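Descriptive structure summary
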Amino acid sequence: LNAAPGRAPRQQVRFLPAPAGSGAVELVAARVPVLADHPRVRGPRFRKLKIGAGHRLDVKASGVFVLGIGHGNKLLTDLYNCHLTKVYTVGGLFGKATDDFSDTGNLVEKTTFDHITREKLERILAVIQGTNQKALLMYSNIDMKTQEAYELAVKGLIRPMGKSPPIITAIRCLQFAVPEFQLEIHCLHETQQYLRKVVHEIGLELKSSAVCTQVRRIRDGVFTLDDALPRTQWNLQSIQEAIRNCQLKVETELERTL
Amino acid sequence: RRGLAAAAGPPSTRQLREAEEAAPVFQYAGKAARRTDRVFGWGFCYSGALGVPSFVRPDAGWKKPRRIQPTPYRLETEEKISSAACGYGFTLLASKTRDINKVWGMGLNKDSQLGFQRSRRDQTKGYEYVLEPSPIPLPLEKPQQTRVLQVSCGRAHSLVLTDSEGVFTMGNNSYGQCGRKVVEDEIYSGSHLIHQLKEFDSRVVQVVCGQDHSLFRTKKGTVYACGWGADGQTGLGHYNITSVPTQLHGDIAGVNIIQVSSYGDCCLAVSDEGEVFGWGNSEYLQLASVTETTQVNVPRHLPFKIGRVKEAACGGTGNLVLTEDGNVFVWGYGILGKGPNLIETAVPEMIPPSLFGRSDFSPDVCVAHVRCGLSQFAALTNRGELFVWGKNLRGCLGTGRMEDQYFPWRVTVPGEVVDVACGVDHMVSMVRSF
C-alpha cells in the first residue's frame, strides 16, 4: 500500500531570491513543493490500519466475514444497527449426540435414525419457523393494537431493532440423504453455537439425535458469497476492487433502513 | 522395583474411533412409530368446559383454582376424538368408536345439555357442572354398531349425529331447538330426555347449532331448521318458533348445499358451485349486501365476486369464508382481523395471506379450514398451524396474553392441528403429534 504512488505533494508559493547569474537582487515568486510533504520527511503514509470486524464467526465455522477498514468501522456500527438477516448453510448428521453439538466433540449417545423421513423433518422446520415468528413479533416491541403494527406485519417488515435473543426468520431443507441433511437458515442476532444447538434440538424432536458438521455463512446483510474474497485473492488490488463494488450497496441499504 | 503406571494421556484418534463404535445405540422410535392424536383445550376454566378437574377443584389445599388457561393444555382422553364442539360453557367430544361410550361431555349441565350425569352423592339428582369428560348415555338401538359422526353445541342444547340412527338432541327446548314440541314450564335440569330425530328426506350429514336454533343438512343438499326464529334464523319465512325440523326454501330451494354454518343468530350456507347463501340476523351488516332489513327470514343468495367459496363460518357478529385458492374473506362487525381500523364492513375483505405465513420463501402455504366462535375467528393452514384473532374473552384465543388480537396470530400447539372448535370463552383443538 505504501509503495503505491501517494498523493502529490502540496504546492506553495514562496518568494525565493532570483537565481544567481542574473544580477538582480529581488524576490521571485515560484511554486515549489512544501518540504513537509516530502516522502522522506513524512515517512510511509500508512503505518497502522484500523480494521474492525463485523458479526463474529466461529473457529469451526466458515463463510462470509465482513471487515471494515478505517472509515468503514463507522459504517460497520451503522450496519449492525440495521439488524439485517444472515443466511447460513448448516450441515447435520443424524445418529450421534455430542457434548458440544458438533461432530468433533465427545460422544454422548448414539441413536437409530431410520424412522426419519423428509416429511417429518419439514414438519419440525415448520414448527421452528412458527415459534420464531412469534418471537419476532414479540421482541420487536411494537404495540400489537395499532394499525401500523398490522401494516408492518402484512409486509413482513417487523423486526427487533434492539437486543433480542437469537431468532430464526426462515429455515428450509436443501438436501436430505439419510443420515446427512443440509439446512438453509436465515437468522438474526445469533451465534454459530446456537445454530449447532438448533441442529441438536431438531434431532431430539425427531426422537433421535443429530450433530452439526458444517456451518457456513453465505450472506451477511448485503454481502454475499460473490462479493467475498477467497484466500487466493487476499491481495491489495482485489481488496480495493471489492471495497469499491460494495460501497454503493452499503449506502443504499443504510439509507433504506435508517 | 515396580514401575508406576503411566498416566492415561489424551486418547488417540484410534482409541476415540474404537470407543465410538463400541458405544451402545439407543432406539427411541421404531419404524412402526405412529403419530398419536391428542386434544388440547384453553380458555375459561371455572365452568369445567376444559375437562381438567384440578383447574376448578385443586388437588392440594394450598393450590388456588385456575380461572383462565391462557395457553393450550393437553386433555387426556381414552379414545381418539374425531369431532369436538364447544357450546356456551360446555364441550362435547365424540369418537368414531364402536364401543358403548361414544360421546363425552364436560362443563355446564344446568339444562341437561350433556344428558343426565348421575350424581354420586344423590342417585336421583344429576350434576350441574361436569368437570371431567363424562360419557353421555345415548339411547341407541344398536350401540355396538352405530358410529357417531359429528357433534354440535349451542347455547344450552346439543346435537349428536350418528351414521344410521339419525340425530339425537338434548338440552334446553324452550324454543323447540331440540326438535320436539315445547312443553310449558318444563324443568330441563336433571332431565333424562334425549330426543331422536329420524324423519328427513335423506340421511343427515351435518348438524349445526346456532344460539337457540338447530340446522340439519341432508345428503341431498337440503337444509332443515327448528328452534327460535325471532331473527329469522330458521329461514322458514316467519319469525315464530318451530319445534319440528322443517325444510328451508327461498334461494336455496333446489340447490345442493355442501356446508352450513351458524353460531349466533346468523346462518350461512355454501353450495357445491361455490355460492354463498345467508339468512338470520343482519344487525351487524352480515347480510347488508343484499338487504337493508336487520332480520332476514328466507335464505338469500349473497352475490360476492370473490371466487368459488369452499367453506363458510358464522360468528356472533362477523362472518368468514374460505375460497378455493386458500384466501380468507371477512365481513360483519367486530375485530375482523385487518387491524384496529377495520371495525365493520358489509362487503367481504380479504386478509393478506402473508399474515398466515405465505412468503417468497414458502409460497404454497394456504388456509385449509376456517372456524368461528362468538367473537373470535380461527384459521387452520395446510401446514397444520392455527391462527386466531378477535376478542380475547377470558383468554379464549390461547395466545398466552389477555389482550384482543387485531390480526391473525399463531397459537403455539405442540403438534399439527387437525381441527379446532371455538366457543364463547374457550376453544378445543384436535392435534396430531409429530
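As the structure is a prediction and not an experimental result, all values here were calculated from the model.

In terms of helices and strands, chain B carries two helices and 29 strands. Oriented by its inertia axes, the alpha-carbon framework of chain B measures out at about 115 × 60 × 45 Å. Residues counted as buried form 55% of the 434 residues belonging to chain B. Restricting to contacts in chain B with at least 6 residues of sequence separation, those with at least 24 account for 52%. Seen as two clouds, the 46 positive and the 43 negative side-chain charges of chain B have centres 9 Å apart.

All names here are of chain B. One open sheet holds the four strands; their spatial order is S3-S2-S29-S28, and the pairing between them is antiparallel. The open sheet has two edge strands with one neighbour each: strand S3 (68-75) and strand S28 (416-422). Taking the axes of each pair of neighbouring strands and ignoring which way they run, one obtains an average angle of 20 degrees across the sheet. Both S28 and strand S29 (residues 426-432) contribute to a ladder of six bridges, which runs antiparallel.

Turning our attention to the interface of chain B and chain A. Size of an interface: often given as the accessible area lost when the parts come together. With 33 residues of chain B at the contact, the number on the chain A side is 33 residues. Counting across the chain B and chain A interface gives two salt bridges. Residue Lys96(A) pairs with Glu20(B) through a salt bridge whose shortest N-O separation is 3.5 Å. Among the secondary structure elements, those contributing two or more residues to the side of chain B that touches chain A are helix H1 (13-22), strand S1 (25-26) and strand S27 (405-411) of chain B. The greatest single-element share of the side of chain B that touches chain A, amounting to four residues, is contributed by S27(B). Broken down by class, the residue content of the side of chain B that touches chain A amounts to 14 nonpolar, eight polar and eleven charged.

What follows concerns the packing of helix H2 (residues 72-82) of chain A against helix H6 (residues 236-257) of chain A. All names here are of chain A. With their axes 10 Å apart at the nearest point, H2 and H6 run at an angle of 50 degrees to one another. Of the possible angle classes, the one that applies to H2 and H6 is oblique. The two elements H2 and H6 cross, and the hand of that crossing is left-handed. Taken together, the residues of H6 that come into contact with H2 (itself represented by Leu75, Asp78, Leu79 and Cys82) are Val250, Leu254 and Thr257. Taken together, the residues of the contact of H2 with H6 break down into five nonpolar, one polar and one charged.

Turning our attention to the UniProt feature "repeat: RCC" (unreviewed entry) in chain B. Residue and element names in this part refer to chain B. Under the feature "repeat: RCC" (unreviewed entry), the UniProt entry names residues 37-97, 101-164, 165-220, 221-273, 274-325 and 384-433. Helix makes up 0% of residues 221-273 and strand 43%, and the two end C-alpha atoms of the span are 12 Å apart. Between the C-alpha atoms that bound residues 274-325 there is a distance of 12 Å. The span itself is 0% helix and 50% strand.

A few words now on the pattern of salt bridges. In this structure the tally under the stated criterion is 27 salt bridges over all chains. For Lys60(A), the salt bridge goes to Asp100(A), with nearest N and O atoms at 3.0 Å. Pair noted here: Lys60(A) is in the loop between strand S3 (51-53) and strand S4 (62-63) and Asp100(A) is in the loop between strand S7 (96-98) and strand S8 (107-111), with a separation of 40 residues, a long-range link. Classification of Lys60(A) as partly exposed rests on a relative accessible area of 46%. With a closest N to O distance of 3.3 Å, Arg180(B) and Glu186(B) form a salt bridge.

For the rest of this paragraph, the subject is the layout of surface pockets. A volume near 1,600 Å³ is recorded for the largest pocket. Mapped onto the lining of the largest pocket, the elements with two or more residues apiece are strand S5 (67-69), H2, strand S12 (223-224) and H6 of chain A. Residue classes in the lining of the largest pocket are distributed as 29 nonpolar, ten polar and eight charged. No fewer than three residues from each of domain 1 (1-48) and domain 2 (51-257) of chain A sit in the lining of the largest pocket. Of the voids in this model, the second largest pocket is the one considered here, and its volume is about 1,400 Å³. Every residue lining the second largest pocket is counted, 44 residues in all, and those nearest its centre are Lys155(A), Gly156(A), Leu157(A), Ile158(A) and Thr169(A). Every element with two or more residues in the lining of the second largest pocket is listed here: helix H3 (118-139), helix H4 (147-155), strand S9 (167-177) and H6 of chain A together with S27 of chain B. For the lining of the second largest pocket, the element with the highest residue contribution is H3(A), accounting for six residues.

The rules behind these values
- Residues numbered from 1 in each chain as written.
- Chains lettered and ligands numbered in written order.
- Predicted model: local features only at pLDDT ≥ 70, side-chain atom pairs only at ≥ 80, totals over all residues.
- Heavy atoms only, no water.
- Helix = DSSP H or I, 4+ residues; strand = E, 2+ residues; numbered from the N terminus.
- Buried < 20%, exposed > 50% of the residue type's maximum accessible area, 1.4 Å probe, protein only.
- Contact = heavy atoms within 4.5 Å.
- Lys, Arg positive; Asp, Glu negative; His and termini not counted.
- Charge placed at Lys NZ, Arg CZ, Asp CG, Glu CD.
- Pairing = 2+ DSSP bridges.
- Axes fitted to C-alpha atoms, helices over the stretch in contact; angles between N-to-C directions.
- Salt bridge = Lys/Arg side-chain N within 4 Å of Asp/Glu carboxyl O.
- Nonpolar A, V, L, I, M, F, W, Y, C, P; charged D, E, K, R; others polar.
- Parallel < 35°, antiparallel > 145°, perpendicular 65-115°, else oblique.
- Left-handed = near helix turned anticlockwise from the far one by under 90°.
- UniProt positions renumbered as here; feature names shortened; annotations may be inferred.
- 1 Å grid on protein atoms, 1.4 Å probe; cavity = no way out; pocket = protein on both sides within 12 Å on 5 of 7 lines; lining within 4 Å.
- Points joined across faces, edges and corners; volume = space filled by probe spheres on them.
- Domains from an automatic or database assignment.

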